[in-house]
Amino acid sequence: MNRGGAVWRSSRLLYMLLAGAVIALALLLIWRGGVFMALRLRLNDIYYAPAATSGTVVIIAADDSSLRRYGRTPADWPRQVYADLADFMSETGARVLALDLLLSESEPDDAAVAEAFGRLRQSDARTRIVLADAGVTTTAILREGAGVLPFALALGISPTLNALADYHGFTNTLPDIDGVIRRQPSLVEIDGQNGLSFSLATYLAYLRIPASAASQVLSFDGSDLLLMSGERRLPVDEWGLWQPYYFAPPAQGNNGAFAVVSLVDVLDGKVDASIFDGKIVLLGLMNTTGTLDQYIVPSSSSGSLMAGIEIQANAIENLVQANPKFITSLDIVLEGALIALLSVAAGLLYALPRWYLKLGIALALVVGWLVVTSAVFTTSFVMISLFDTLLALGVPVVASIGIDITLETLQRKQTEFLLSSLHRIAEQRLQIDQAAEYILEDVGKIAPGSTATLYIVDSVGSDRWMRFRRGEKRVVGPAASPDSSTYHHHLVMAFPFLWQGRQQGILMLKPSHGAQLDGTTGVLLQELVEKLAPHIDNMLLYDEVGRQKLLLDSVFSESPAGIAILDGKGRIVQCNQDLARLLEMNLADIRGKSLPELISLISNKQEMEDQIQNGIGAKTLFTLDEMKLGRHFVRLVIAPLKAYDLWTVIISDVTALVDLSNLKTRMLRIASHDLKNPLARIKGFVDLIFMLSTTLDERDRKYLQFVSDAGDEMLRIIDDILNLERMRSGKLMLSNINLSQMVQEVCARNQPDLIQKQQNLELVIPDSAITVHADAAQLSQAINNFVGNAIKYTPDGGQVTVRLTADGKTVRFEVEDTGYGIPVKAQSKIFSEFYRAKAEGTLHIPGTGLGLSLVKGVIESHNGTVGFTSVEGKGSTFYFTLPEK
Ligand code: ADP
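A brief structural summary.

Criteria and thresholds
- Residues numbered from 1 in each chain as written.
- Predicted model: local features only at pLDDT ≥ 70, side-chain atom pairs only at ≥ 80, totals over all residues.
- Heavy atoms only, no water.
- Helix = DSSP H or I, 4+ residues; strand = E, 2+ residues; numbered from the N terminus.
- Rg over C-alpha atoms; globule rule 2.2 N^0.38 Å.
- Buried < 20%, exposed > 50% of the residue type's maximum accessible area, 1.4 Å probe, protein only.
- Contact = heavy atoms within 4.5 Å.
- Areas by Shrake-Rupley, 256 points an atom, 1.4 Å probe, with all protein chains shown as cover.
- Near = heavy atom within 4 Å.
- Polar contact = N/O pair within 3.5 Å; in protein donor to acceptor, adjacent residues only side chain to side chain.
- Core = buried A, V, L, I, M, F, W, Y, C linked by side-chain atoms within 4.5 Å.
- Salt bridge = Lys/Arg side-chain N within 4 Å of Asp/Glu carboxyl O.
- Pairing = 2+ DSSP bridges.
- Axes fitted to C-alpha atoms, helices over the stretch in contact; angles between N-to-C directions.
- Phe/Tyr/Trp six-rings, centres within 6.5 Å; stacked < 30°, edge-to-face > 60°.
- Lys NZ or Arg CZ within 6 Å of the ring centre and 35° of its normal.
- Parallel < 35°, antiparallel > 145°, perpendicular 65-115°, else oblique.
- Left-handed = near helix turned anticlockwise from the far one by under 90°.
- Patch = residues over 30% accessible without salt bridge, like charges linked within 9 Å, V, L, I, M, F, W, Y side chains within 5 Å.
- Expected span 1.5 Å × (residues − 1).

### Quick word on the overall build of the chain
A tally of helices and strands in the chain yields 26 helices and 37 strands. By the compact-globule yardstick of 29 Å for 885 residues, the chain is too spread out, its C-alpha radius of gyration being 65 Å. If you line up the chain on its principal axes, its C-alpha atoms span 210 × 70 × 55 Å. Within the chain, the proportion of its 885 residues that are buried is 46%. For the chain, contacts bridging at least 24 residues in sequence account for 67% of all contacts bridging at least 6. For the chain, the computed accessible surface area is about 44200 Å², with 57% contributed by carbon and sulfur atoms.

Shown next as C-alpha cells:
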C-alpha cells in the first residue's frame, strides 16, 4: 500500500503541475488580452489607503453658495469675481493661483481681470497664475511611444486672459474602461505643439520655472518623463499618462486631504488670508450638489465622486512631494513570470492535502499575497495586478479539487465496475468455477496483459487448493504457493483472500513480459480482493453446506429405515422413501399428514396412535417395539429435536426378527411339551429301576445315577429357559403382594439346601408389612434365584443374610453371602444370558447362566433396578429395588 501511496502522490503532483501550467497559460492570455479589465482595475484600487499630504495645496471651492451668488456656471459669472479674487490673493503671499475653470469666451470685463492678474503677479509673493484649457479628444494620429497625448482640438482660454496668465494647462480627465479616473496626462500635443497638463503646469509655476523653459526642464526618455532635467522621473505610458496617488477618498465638505475654503467666504473676507501664504491655491467647482465636474476615482468609496479640482489637487500634491508616490506597474515580463510562477507553485502546494486543507492553504496564500503586495506598494508604489495573481493562487485550488473529484469519480467508477461483478458473485450464489471466471475476467480488465492465477481452497479447512487460470480447467492440488522457480525472474504480485483470519485463496499476478505492474493496479486489485474475500468465504461455506445437505439427503433417502421428521402435532414435515414403503403409500401422499393417525389406520389400532401422541407429549425419546404395520412388524424410535420443536421418527422393519422370535417360541414350546415329557419318563423309569432292581451291581448303579443326574440337569435347563421365556413373552399379572411374607416363604423353601450345606441364613425383615404391586410368580422366582445363588455359591458352613428394607417409596431386597465372590473382569457380564463366571471353587457347581438375567428382566419390567457388589474369595451382595405400593 505504501507503494500505492507514493504513486498516488507523484501522480497528483504531476497532474497539478500540468494543471498549474495550463492555468498559467490561460491567465497570461486573459491578462495580456485585457479581458476583465474593469475588474482588474477595480481590484487594484484597494491599494489606495489614505496618506498624509504636504499641505502645499489649498482649494477654493466654487461651491453651491458661490453658484447661487454669482451664476449657474463659473463661465457665466461676472469676470469681476476673478478680479476680486486675484486682488485678494495678492495680499496673501500665495505662490500659485491656478484656476481650474474654462474661461474660453472673451468678456468686456476681462480687462479688469487682466489688471488684477497683473497686480497679483507683481505682488510681494510674485504669485504665478495658471489658467485651464481642455483638449477635445477626437484623437488624431496617435503617435505611439511619443509620451504625449495628442488632441485634435482645444478649448482655449479667452485670449484677453491668456495673455496675462503665466501658464496654461490642459485639465482633461481620462477615465479608464470602468469609468474611474486613475491617470493624468503629462504632456499633450495639439497642432504639433507640446503643451502641459494642468497639474504639470501648476507644478512648474510652483517651481517658478517659466512656461517657456518647459521644454528644457521636461523631456521624455522613451519610458519616463524626466522632470527638472532628470532630477525626478515621472513614469508615464506611451501616451504620457501617469498614475498619481489619491491621498484620501473624495472630500465631503472640508474633510479631505486638502484644505478647502468657499469662494464666497474668501471674497467676503471671512477666511484668514495666512492660510494661502506660500501655497498653491486652486480654484474649481467643488461641494456642488449637481454632478458638475465630478468623477469616480480609485479612492471613491460607495459611489462617492471627486471634484475635478480635487483630482488636480491630488496630482499636484504627487508632483510637489519630496518623496513622490508615482505609481508604476510591475515590469510586464516580471508580472507574466509572477503569474505563471504563482499558478504553478500554488498548483503543487494544493496537490496533496485534503480538500478542506487546500481551501485553508488557498485562503492563507491569498491573505499572505495581499499583505506582500500591499507591502510592495507602500514601499515602492509598484502595483501588482491583484486580479491576475489572485486568480493564479485561486484557480489551481479549484482545479485541484476538480482533479481530486475527477480522479475519485474515476476510481469510484472503476470500483463500481468491480462492485458490479462483485454483485454477480455475491447475489447469484455462483459455483466456484463460475465465480473464478468472473474474478479473472475483472483482473484482466484491471491489469491487462498480465497472467493471473487464482488459488482457492478446495473446501473449508482443506489443505488442498484449486487453481484457476483463464481459459484453463480447474486443477486441484495439494499446495497453492507457486513454484518459486517459475516466478523467480519476474516481479509477481500476490493478493491473499483473507476473511476473519482465514485464508481462502490467493491471487497471483505476473505482468506480461517486460512490463511493470504499477501501484494503481495494485491498489485496485487489493480493493477487489478485499471485497471479494467475504464472498469467497460465503461461497466456500455455501459449498460446504451444500455438501452436508447432500450427505444428509442421501443418509435420509438411502437409509434402510423409514425416517420422518414430525412437527409438534405429529404431522410429517419430511420423510424418506422407505417410510412410504412401510406405510404402503406414495411419498407425495403422506407429507403433511399425521404419522400417528396413518399408523393407527394401517394397523387398525387406535391405541398406537395414543401411544405415539403421548410419547410426543412427554418430550423424551421412546421406543415402540414389534408393532404390526400392515404386513410388517416395525420398531419405532421417536426422539425429540429439542432445538426445533420437532421429532425424528425412525421406523425399522423388524419383521425378520419377529419371525425368528416366533420360531424360537415354537422351538421352546417343543422343548416344554415334547422334550420335557419324554425326559420325565426317562428319569421316572431310571428311578424305578433303582428302586425295583436287585440285580444291579455297584458299577451299574453308578452309571444309572449319572443318567438320573443328567436328566435332572436337563430338566433344570428346560425349566430355566421356560421361565425366562414366560417372563419375556407373558403379560404381567399384577397384584398387591406382601413382600415380607413372600421372602419368608422363599427362604423356607430353601431350608433343605441350607441344612445340607450346614449354612446359616439370617433374615432381617421389618415388623410392618411391605407391599408391592407385582406379578407374584415372577417376583417369587426372582427372589428365589438370588437366595438360591447365595446358597449355591457359598461353601459349606457359610453365612447367608437376607435383608428387606423400605423407606415409603422404594423397597430394597438384598442377599449377602460369604461365598466365592465374582472376579472383577466377569462382573460386567454377570446379568447376560447364559453367562457363568469362573471363580475359584465354583467350577463344579451346575447351572445354566440364565437365573440372573431372569431376575434382571423381571425387576426391570416392574420398574425396578438390580445390582450387586462382590469381592472374589470374600462374598457377594445381590440386591434389587422396587417401587413400594
Ligand atoms: P447359574 O447360577 O445357573 O450359573 P445365574 O444366572 O444364576 O446362573 O448366575 C450366573 C453366574 O453368576 C453364575 O454362574 C455364577 O458364576 C455367578 N453368581 C451368581 N450368584 C452368585 C453369588 N451369590 N456368588 C458368586 N457368584 C454368583
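Here the narrative resumes, following the displayed structure.
### Describing the site of the ligand
The immediate surroundings of the ligand are formed by 19 residues, with Asn789, Tyr793, Arg836, Thr848 and Leu852 found nearest. Measuring from an oxygen atom of the ligand, one finds a side-chain N or O atom of Arg836 at 2.4 Å. Coverage of the ligand by the protein chains reaches 97% of its 530 Å² of free accessible surface. The element that contributes the greatest number of residues to the shell around the ligand is helix 25 (residues 776–792), accounting for three residues.

### Describing the nonpolar core
By size, the foremost hydrophobic cluster in this structure holds 83 residues, and its most contacted members are Leu200, Leu204, Leu218, Leu227 and Leu282. The element contributing the most residues to this core is helix 13 (residues 386–427), with nine residues. Discounting residues that sit within four places of it in the chain, Leu218 has contacts with Leu187, Leu196, Leu200, Leu204, Leu226, Leu227 and Met228. One finds Val772, Val802, Leu852 and Val855 within the second-largest nonpolar core, a separate group that totals 41 residues.

### Details of the pattern of salt bridges
Two side chains bearing opposite charge may form a pair once their charged atoms approach each other closely. Counting across every chain of the model gives 33 salt bridges. The salt bridge partner of Arg40 is Asp388, with a shortest N-O separation of 2.6 Å. Of the two residues, Arg40 is situated in helix 2 (residues 37–44) and Asp388 in helix 13; the sequence distance between them amounts to 348 residues. As far as the burial class goes, Arg40 and Asp388 line up, both buried. The residue Arg803 makes a salt bridge to Glu816 at a minimum N-O spacing of 2.8 Å. Of the two residues, Arg803 sits in strand 34 (residues 799–806) while Glu816 sits in strand 35 (residues 810–817), which places them 13 residues apart along the sequence. Taking relative accessible area as the criterion, Arg803 reaches 26% and is therefore assigned partly exposed. Members of the salt-bridge network, linked through shared partners, are Arg42, Asp45, Asp176, Asp178, Arg182, Arg183 and Asp237.

### A short note on the sheet that holds strand 25 (residues 502–510)
As summarised here, the arrangement of the five strands in space is 23-22-21-25-24, forming an open sheet in which the pairing is antiparallel. Bordering the open sheet on either side are strand 23 (475–477) and strand 24 (493–499), each of which pairs with just one other strand. Geometrically, the sheet is characterised by an average inter-axis angle of 20° between neighbouring strands, direction not taken into account. Sheet topology places strand 21 (residues 451–457) next to strand 25; six bridges connect them, and they run antiparallel. Bridging from a neighbouring strand, Leu454 pairs with Leu507 of strand 25.

### Overview of the packing of aromatic side chains
Scanning all chains against the criterion turns up 21 aromatic pairs. Consider the rings of Trp242 and Phe326, whose centres lie 5.7 Å apart with planes at 85°: the pair is edge-to-face. Of this pair, Trp242 sits in strand 14 (residues 241–242) while Phe326 sits in the loop between helix 10 (308–320) and strand 19 (328–329), and the two are 84 residues apart along the sequence. For the pair Trp242 and Phe326, one class covers both residues: buried. The rings of Tyr47, Tyr48, Tyr245, Tyr246, Phe247, Phe377 and Phe381 are connected pair by pair, giving a single aromatic cluster. In this structure, Arg95 is placed above the aromatic ring of Tyr206, and the distance from its NZ or CZ to the ring centre is 4.5 Å.

### Focus: the packing of helix 11 (residues 332–351) against helix 12 (residues 355–380)
The N-to-C vectors of helix 11 and helix 12 enclose an angle of 150°; their axes lie 10 Å apart at closest approach. Judged on the interaxial angle alone, helix 12 and helix 11 are roughly antiparallel. For helix 11 against helix 12, the interelement crossing comes out right-handed. Residues Leu338, Leu342, Ala346, Leu349, Tyr350 and Ala351 of helix 11 form the contact with helix 12, whose participating residues are Lys358, Ile361, Ala362, Leu365 and Trp369.

### Describing the sheet that holds strand 36 (residues 865–871)
Taken in spatial order, the five strands of this open sheet run 32-34-35-37-36, and their pairing is mixed. A strand with exactly one partner marks an edge of an open sheet, and here the two such strands are strand 32 (760–764) and strand 36. Taking each pair of neighbouring strands and ignoring which way they run, the sheet shows an average axis angle of 10°. In the packing of helix 23 (residues 739–749) onto the sheet, the strands contacted are strand 32, strand 34 and strand 35, and the crossing angle to strand 34 comes to about 170°.

### Here's the deal with the side chain of Asp176
With respect to the secondary-structure elements, Asp176 resides in the loop between strand 7 (174–175) and strand 8 (181–185). A distance of 2.8 Å separates a polar atom in the side chain of Asp176 from a polar atom in the side chain of Arg182. Once residues lying within four places of it in the same chain are set aside, the contact partners of Asp176 are Leu41, Arg182 and Arg183.

### A word on a nonpolar patch on the surface
A contiguous nonpolar surface patch, about 580 Å² in accessible area, is contributed by Trp8, Leu13, Leu14, Leu17, Leu18, Leu348 and Leu352. Here the nonpolar patch takes five residues from helix 1 (residues 2–33), the largest share from any one element. With respect to the helices and strands, the residue Leu14 is situated in helix 1. Accessibility expressed as a relative area gives 52% for Leu14, which makes it exposed.

### Section: helix 20 (residues 606–618)
Along its 13 residues, helix 20 runs 19 Å from first to last C-alpha, staying within 8% of the 18 Å computed at 1.5 Å per residue. Tucked into the core, helix 20 has its buried residues touching strand 26 (562–566), helix 19 (595–603), strand 28 (622–629), strand 29 (632–641) and strand 30 (646–653). Once helix 20 finishes, Lys619 follows within two positions and takes phi at roughly 60°, a positive value.

### Brief notes about the pairing of strand 16 (residues 280–285)
Of all six residues in strand 16, six are buried, a share of seventy percent or more. One ladder, built from six bridges, connects strand 1 (residues 57–62) with strand 16; its direction is parallel. Considered in strand 16, the bridge of Ile59 is made with Leu282. Note: strand 2 (residues 96–99) against strand 16, four bridges, orientation parallel. Looking at the pairing, Leu97 lines up with Val281 of strand 16.

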